[in-house]
Amino acid sequence: MNLAFLLLSCTLVAGDEPVLLDAFHYTDAKTATAEWKPQGVAEVGVSTAKDGGIELALPFAAKPGLERVIIDRKLNLDLSGRREFTLDVEPDNMEAVGEVMIYFKSGEGWYGCGIPLRRPGPQTLRFVKASFRGEGRPAGWEHVDGIRISVWRGMGVNSSLRLSNLVAWAGRAKVVEPAMVVKRVDPAHEGRAFWNHSGTGAYPGDWERTAKTLQENGINMILPNQLWAGRADYPSKLLPQSDTFRKYGDQVAQCLAAAHRHGLQVHVWKVNFNLGNAPKAFVEKLRREGRTQISATGKATNWLCPSHPENFQLEVDTMLEVARMYAVDGLHFDYIRYPDGEHCYCDGCRKRFEADSRKPVGQWPGDCYHGSRRDEYRTWRCAQITRVVEAVSREAKRVRPGIKISAAVFGAYPSCRQAVGQDWVAWVKAGYLDFLCPMDYSAGDDTFADLVSSQMYFVGGRVPIYAGIGATAVTPPMTASQVIVQIEKGRALGASGFSIFNLDGKTIETLVPEIGIGLKAARGNP
Ligand SMILES: [Zn+2]
């Protein structure tokens, strides 16, 4: 960095100048370790790079149970007048890093914020104060008494991360990005989608009105949620029919007819595995049959266990049923993952994991939950999810040639592999997906842009990315102009379109017309 920083000579970080909290310039590993105390097994070395910094060892292959590497420094700071923080990092292997988190300790709690890496090589991470979340009972930004840097596990490989220049900014941080050649998609042919959570469109019982309004405002795709793990909004022979179906009739048929009249593509959205909104008797039956998930602590959870062979078949068959019955343009996965890192540890999972790995588990679930076989188990979890995507993709294309397969996925990769068993990069590389809708839900434009940049790197142009904008997924909801700014950010980073959450009776009258004006309504087919 070429900026002249104020020296950190007192605890009050005042004024408008950027303040260097730590340059990480230490003469040797011993001095570095004395300042930055490693927690657990972390090792701190000194970088030999010409601009210095420290090297943080990430022994994720050597330590399969290691979730993150932490270093802590005690430091009294008043950060109340600061707005952003930047940290220079250089990964030895970016896939090893789930995300980089900074915590500021304050009283009995913390302020924490995590960011994924955007690309290989040196880069500056920007942490916006508004995106920090409180944990415990922090005593305020004026009473910060420690800094923690936490590097979360990505892939199970051994590598290192170089850290330098932690800077606190009073205003907008000046981050110099290397010039990149971005191929912008012609806006007339970008994917312009809305997710519709109700599955009924914006006006229940009137898909015609929804489709016409979307078409008039330049939208060309709709992703209606008409299928769950335990209910369907169409006359399914495999799943219980929903109240929506009983009240308004076949939603897939009505949506398709109206959407195709107005030149909109329809990609039927399935909430996989999650049995929310399924009839109680249906869920109880599955639970009795040992088909629902059990947490590491033995808690029953109303999600289908992905490793159960009958659940696999049900998930695949229901999606194929839609492809067989209707001339849909695509099938869209959602909740195509585990609920969290705590599942599934049912008896069936143990048996099937032992069979697949050809090795009994000593301590169940301990060894697989946080012990020596943790990484192997997490990778096995990914495989249980991936096989559903693979089978649906392969079979749906046989049933209905030209059909497109897509998925709503967690934004930060590879942390979602570890956290929820969702390896969407593997799906893209294997050719199972035709486009990707990462849920980059944040009111913060920088967070949104960081996620899109990272996804552009991982996808590497293999399939289009329709960046997911969480208009009503954040509190307070985003305004139309905020949504348009993110559409433009996505375009500038090379995204092939956008997908907005959520279309309902309100947003069709607020967001949709304003976005239409912003898009100037001109559109073509993606
Ligand atoms: Zn299970």
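Residues numbered from 1 in each chain as written. Predicted model: local features only at pLDDT ≥ 70, side-chain atom pairs only at ≥ 80, totals over all residues.

**Notes on the overall build of the chain**
Here's step 1: Looking only at helices and strands, the chain has 14 helices and 22 strands in total.
Here's step 2: Here the C-alpha radius of gyration of the chain, 24 Å, is about what a compact globule of 526 residues would show, namely 24 Å.
Here's step 3: The dimensions of the chain, computed from C-alpha atoms along their principal axes, are 70 × 60 × 40 Å.
Here's step 4: Every one of the 526 residues in the chain was classed for burial, and the buried ones make up 50%.
Here's step 5: The long-range fraction of contacts in the chain, counting pairs at least 24 apart against all pairs at least 6 apart in sequence, stands at 77%. (Helix = DSSP H or I, 4+ residues; strand = E, 2+ residues; numbered from the N terminus. Rg over C-alpha atoms; globule rule 2.2 N^0.38 Å. Buried ≥ 20, exposed ≤ 12 C-beta atoms within 10 Å, placed from the backbone. Contact = placed C-beta atoms within 7 Å.)

**Some details on unusual backbone geometry**
Here's step 1: Residue W364 is joined to P365 through a cis peptide bond whose omega torsion reads 0°.
Here's step 2: Inspection of the secondary structure puts P365 in the loop between α7 (347-357) and α8 (366-369).
Here's step 3: F501 connects to N502 through a cis peptide bond whose omega is 15°.
Here's step 4: Turning to its location among the elements, N502 is positioned in the loop between β22 (497-501) and α14 (511-519).
Here's step 5: Even without being glycine, F24 reaches a positive phi, approximately 60°.
Here's step 6: Along the chain, F24 turns up in the loop between β1 (19-22) and α1 (29-35).
Here's step 7: Given 26 C-beta atoms within a 10 Å radius, F24 is considered buried.

**Digging into the nonpolar core**
Here's step 1: Membership of the largest hydrophobic core comes to 103 residues, with the highest contact counts inside it found for F194, I222, L331, A407, L433 and L436.
Here's step 2: Once you skip the residues sitting within four places of it in the chain, L331 turns out to touch H267, V268, K270, M319, V322, A323, V392, A396, I403 and I405.
Here's step 3: Counting 47 residues, the second-largest nonpolar core is a separate cluster that includes W36, F85, M94 and A96. (Core = buried A, V, L, I, M, F, W, Y, C linked by C-beta atoms within 7 Å.)

**A word on the packing of helix α6 (residues 309-325) against helix α9 (residues 374-399)**
Here's step 1: At a closest axis distance of 9 Å, the pairing of α6 and α9 adopts a crossing angle of 30°. For the element pair α6 / α9, the angle class is roughly parallel. Here α6 and α9 pass one another in a crossing that is right-handed. Contacts between α6 and α9 involve F312, E315, V316, M319, L320, A323 and R324 on the former and, on the latter, R387, V388, A391, V392, E395, A396 and V399.
Here's step 2: Residues of the contact of α6 with α9, tallied by class, amount to 10 nonpolar, no polar and 4 charged. (Axes fitted to C-alpha atoms, helices over the stretch in contact; angles between N-to-C directions. Parallel < 35°, antiparallel > 145°, perpendicular 65-115°, else oblique. Left-handed = near helix turned anticlockwise from the far one by under 90°. Nonpolar A, V, L, I, M, F, W, Y, C, P; charged D, E, K, R; others polar.)

**Section: the pairing of strand β14 (residues 221-228)**
Here's step 1: Within β14, 8 of the 8 residues are buried, leaving the element largely enclosed by the surrounding structure.
Here's step 2: Both strand β13 (residues 191-196) and β14 contribute to a ladder of 4 bridges, which runs parallel. When the sheet's bridge partners are listed, N196 is paired in β14 with P224.
Here's step 3: In the sheet, β14 pairs with strand β15 (residues 265-271) via 5 bridges, with the strands oriented parallel. Counted as the bridge partner of W228 is V271 from β15. (Pairing = 2+ DSSP bridges.)

**Thoughts on the sheet that holds strand β2 (residues 37-39)**
Here's step 1: Read across the sheet, 6 strands follow the order β2-β5-β11-β7-β8-β10 without closing on themselves; strand pairing throughout is antiparallel. In this open sheet, the two edge strands, each paired with only one partner strand, are β2 and β10 (133-137). The average undirected angle you get between the axes of adjacent strands in this sheet is 25°.

**Here's the deal with the domain arrangement of the chain**
Here's step 1: Taken as a whole, the chain is organised into domain 1 (19-169) and domain 2 (190-341 + 384-519).
Here's step 2: For domain 1 and domain 2, the distance between their C-alpha centres works out to 34 Å.
Here's step 3: Listed per partner, the contact involves 16 residues of domain 1 and 12 residues of domain 2.
Here's step 4: Every element with two or more residues in the side of domain 1 that touches domain 2 is listed here: β7 (97-106), β9 (123-128) and β11 (144-153).
Here's step 5: Among the residues making up the side of domain 1 that touches domain 2, the classes are represented as 7 nonpolar, 3 polar and 6 charged. (Domains from an automatic or database assignment.)

**Side note on the pairing of strand β6 (residues 84-91)**
Here's step 1: With 8 of its 8 residues buried, β6 lies for the most part within the structure.
Here's step 2: Burial along β6 is two-sided: E84, T86, D88 and E90 and F85, L87, V89 and P91, pointing in opposite directions, are all buried.
Here's step 3: Sheet topology note: the β6/β9 ladder contains 6 bridges and is antiparallel. Looking at β9, one finds that D88 is bridged to T124.

**A short note on helix α2 (residues 207-216)**
Here's step 1: For α2, every residue scored as buried is listed here: W207, T210, A211, T213 and L214. The buried residues of α2 occupy an angular sector of 165° when the element is viewed end-on, so they sit on one face.
Here's step 2: On its buried face, α2 sits against β13, β14, α4 (251-261) and α14.
Here's step 3: Among the residues trailing α2, G218 stands out with phi positive, at a value near 85°. (Arc of directions from axis to C-beta.)

**Here we look at the packing of helix α13 (residues 480-492) against α14**
Here's step 1: Packing of α13 against α14 leaves a shortest axis separation of 9 Å and a crossing angle of 45°. In terms of orientation, α13 and α14 fall into the oblique class. With respect to the hand of their crossing, α13 and α14 are arranged in right-handed fashion. Together, A480, V483 and I484 of α13 and L511, E514, I515 and G518 of α14 make up the contact between the two elements.
Here's step 2: In terms of residue class, the contact of α13 with α14 is built from 5 nonpolar, 1 polar and 1 charged.

**Focus on the environment of V175**
Here's step 1: Positionally, V175 belongs in the loop between β12 (158-169) and β13.
Here's step 2: Separated by 282 residues in the primary sequence, V175 and Y457 have C-alpha atoms spaced 19 Å apart.
Here's step 3: Apart from residues no more than four positions distant in its own chain, V175 is found in contact with T86, T124 and R126.

**A closer look at α13**
Here's step 1: Under the 1.5 Å per step criterion, the end-to-end length of α13 is 18 Å for 13 residues, consistent within 8% with the ideal 18 Å.
Here's step 2: All of the buried residues along α13 are V483, Q486, I487, K489 and G490. Burial along α13 is one-sided: seen end-on, the buried residues are contained in an arc of 160°. Counted as exposed and oriented over 90 degrees from the buried face of α13: S481 and A492.
Here's step 3: The elements touched by buried residues of α13 are α12 (445-459), β21 (466-469), β22 and α14.
Here's step 4: Looking one or two residues past α13, G494 carries a phi angle of roughly 100°, positive in sign. (Expected span 1.5 Å × (residues − 1).)

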